[in-house]
Structure formats: C-alpha cells, structure tokens
Amino acid sequence: MKNTTKKLFAMLLAGTLAVSMIACAGSDDTAEGTTTVATTTKTPAVTKDPNASSNQKAVSDYKVESVKKKTVAAGTPIEDVIAGLPAELAVTIPGEATGESESLYSTDFSSADTFATEWTACDNDGVLSLDGGKFATTGKSNKVKAYVTDPEWAKAGTEEYANYVVSATVRGTAEEAPTNNFGIIFRASNVTATGADSYDGMYVGIGDSTGQICVGKAYEGKWTSIKNIDVEYAANTDYVLTVVVFNDSFAVLLDGEKLYEGEVDENMVNGTVGLRTYEQLFECSEFSVRTLGAEDYNNFEDGYVEVKTLPVTWTCSDYDPNKTGTYGFFGTITEGFPEGKQAQVKVTVSVRAAS
C-alpha cells in the first residue's frame, strides 16, 4: 500500500513539473533560462490617392504625340510650367485612303553614269560593281552602302514625314548559306563608309544562315536589332523586298506577302533610301520608290490615318509649387474632332527642392 502511494505521488509531481515547464516556454519572462518570443509589426501599406493628378490617366479617343517628363524647381508658378510645355501636339486621326500610287524614282542600274549622278556610293573596300546592269558586290565587306542622293521626297531638313514605298529585287550570289544579310536602308541620313553602322536609319535585309528577314536600325554608330523573321532562303534566287513606310509605322513585304509591321525610330522622321550589305555577296537588278496608294494602307493595322498638329490646353488639378513631389499635367485637345471626342496626353512634372 505504501509503495502504491509513493508511486501515485511521484506521478502527480512529474505532471506538475511538466505543466510548469510548458508554462515557462510560453512566458514573456526574460529571466535567465527562459525563451523570449519576438513579435513583428507590419508597416501599414501606403494607399495611393486616386484623386492625385500623378495617379490619374489621360483619357483620349486618339493617339497623341508623347511629351517627355519635366523637372522644375520648387516655387515655379504653374504658368511657368505650362509655358515650358508644347503649345501644339500632333494627333493621329483615322481617315479614308484615296488615290493611286505614283512613281518617285526607279532604276535598273544599266548606266554607270546615271548611277554616279543619282546615287552616293560608300565603298572603301572597292567591291561594288555595276557590270551587266546590276548593282553587285564582288567581294565581302561590311562597309558597302549606297543611297539615292538628296531626293526631294526624302524631306531632308524638314520636320515632315517622308512616306514612300521602296522595293528592291535582290539575290544572294554566294552558293553557301549567308552568314549575315543584305537589303534596304530607309529614312536614312548621315550615311558614310566608315563602318557597318555608320548611318542613321532603318534597315530590312534578307539572308542569315537560318534564313531570316532581319529588321533593325542604326543610330549614332550603334546597331539595334528589332526583329528576325524566319523565311525559306535559296541562293541565286530573286526576291522582291518591299518596305512601306507611313508616318511612324512601316511594313515589310517579301514577294508581296506582308511579314512584319513595326514603328520607325522617333529620330528618323525622314530620310532617303538605299542598299546595304554586311559581308555578303549579293546583287540588285531593280530598285524603285513610289508614293503610297490606297491599297498600301491595308498593310497597317490602323489603316489610313491623318496626322494633324493642333493647339493643346494644359491643366493640373493639384499643383502646389511649394510642395515637392510628382504631378500630372494633362494636355487636352478638342478642336478638329467630332462632337464628344477629344485627344489628351499626360506629362509628369516633378517639383524638386532648389539645391
């Protein structure tokens, strides 16, 4: 009986100690030998004010010329901010195309004298040939470029778009698969023979070892690849490569089939056309430039559009010249549109403390 009582007492004592230890483990007591449980307080999320001009969006029925961000010093009156923004902006408005295409320029390269008069050749390596009535390269070079010299339709020296359709019948004359490409430059200026990318302009070429249409651009000596499009390529085969360029868009066609539509670099509003190769043997037998006819606009997703430069009114609902931060200034255009339609663009203006 005594042993049973001792065992019962021991079990009760062990249970009491266990409960005590559990209580200590969850305790906030920081005495030696105890465990402290840390708590984390989350930082409240910052809620954007939907009414702040910086968080509002422009509401527009038409595409409007973009305006770069602007920074002003604290204390600048709103009138001065607005005075630094454009008074007019270009607006793109859908329309209906009419008219037929008209020739601007064409050549079959049959006369070297005519070529010398009408074209400027960049050929430091001396591989360009006009024998047999074809523009051709007799050796590999990455510096060969040639362009139609200062045509009026290139709109050089103006702020007008140079819109045209340029086509070239080209073929690769090397039996092996091309490692690079040859093709058309357009909206081109500052063309020299110093390097492969020594021009400011857009480019569309055919070739490459995988059989591709290469779309890219060169600006201030730097090349930028835009798109490569898979096609089937065969050496010594004529291909008609065509570029339709209209305002800020262009479309690429091969043998009459549209393969690509893209945007022209904003620095290339106008410029001439020509031919270029990158270390490829090729020839061009026909080259032409014409105006866009009504059917050419079908190559663009938006079809025919008109670009009008219209006066703009600038407002900002919460501008405070003495409060640093970011504000949204909205340019609104209502003239020249059907009733109820408008064009609007937003420009971000940052107010910074004077240094």
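Structure's up top.
Residues numbered from 1 in each chain as written. Predicted model: local features only at pLDDT ≥ 70, side-chain atom pairs only at ≥ 80, totals over all residues. Heavy atoms only, no water.

Some words on the packing of aromatic side chains
Stage number 1. The tally for this structure, following the rule as stated, stands at 21 aromatic pairs.
Stage number 2. Pairing Trp119 with Phe135 gives two aromatic rings, centres 6.4 Å apart and planes at 45°, and the pair type is tilted. One end of the pair, Trp119, is in strand β5 (residues 119-122); the other, Phe135, is in strand β7 (residues 135-137), and 16 residues separate them in sequence. The pair formed by Trp119 and Phe135 is uniform in burial state, with each residue classed as buried. (Phe/Tyr/Trp six-rings, centres within 6.5 Å; stacked < 30°, edge-to-face > 60°. Helix = DSSP H or I, 4+ residues; strand = E, 2+ residues; numbered from the N terminus. Buried < 20%, exposed > 50% of the residue type's maximum accessible area, 1.4 Å probe, protein only.)

Here's the deal with the sheet that holds strand β19 (residues 305-311)
Stage number 1. The three strands lie next to each other as β1-β3-β19, forming an open sheet whose pairing is antiparallel. Either end of the sheet is taken by a strand with one partner, and the two such strands are β1 (63-64) and β19.
Stage number 2. In this structure, β1 lies alongside strand β3 (residues 88-94), joined through two bridges in antiparallel fashion. Bridge assignment links Val64 to a residue of β3, and that residue is Val91. (Pairing = 2+ DSSP bridges.)

Here we look at the sheet that holds strand β22 (residues 343-352)
Stage number 1. Taken in spatial order, the four strands of this open sheet run β2-β22-β21-β20, and their pairing is mixed. Edge positions in the open sheet fall to β2 (70-73) and β20 (313-315), since each of these has one partner strand only. Strand-to-strand twist in this sheet, taken as the mean axis angle between neighbours without regard to direction, amounts to 30°.
Stage number 2. Pairing analysis gives four bridges linking β2 to β22, with the strands arranged parallel. The residue bridging Thr71 from the neighbouring strand is Ser350, located in β22. (Axes fitted to C-alpha atoms, helices over the stretch in contact; angles between N-to-C directions.)

Section: the pairing of strand β8 (residues 145-148)
In the case of a regular strand, side chains alternate between the two sheet surfaces.
Stage number 1. On β8, burial covers both faces: Lys145 and Tyr147 on one face and Ala146 and Val148 on the other are all buried.
Stage number 2. In terms of strand pairing, β5 meets β8 through four bridges, oriented antiparallel. Directly across from Trp119, in β8, lies its bridge partner Val148.
Stage number 3. Strand direction decides the pairing type here: β8 and strand β17 (residues 272-277), joined by three bridges, are antiparallel. Within the sheet, the bridge partner assigned to Lys145 lies in β17 and is Arg276.

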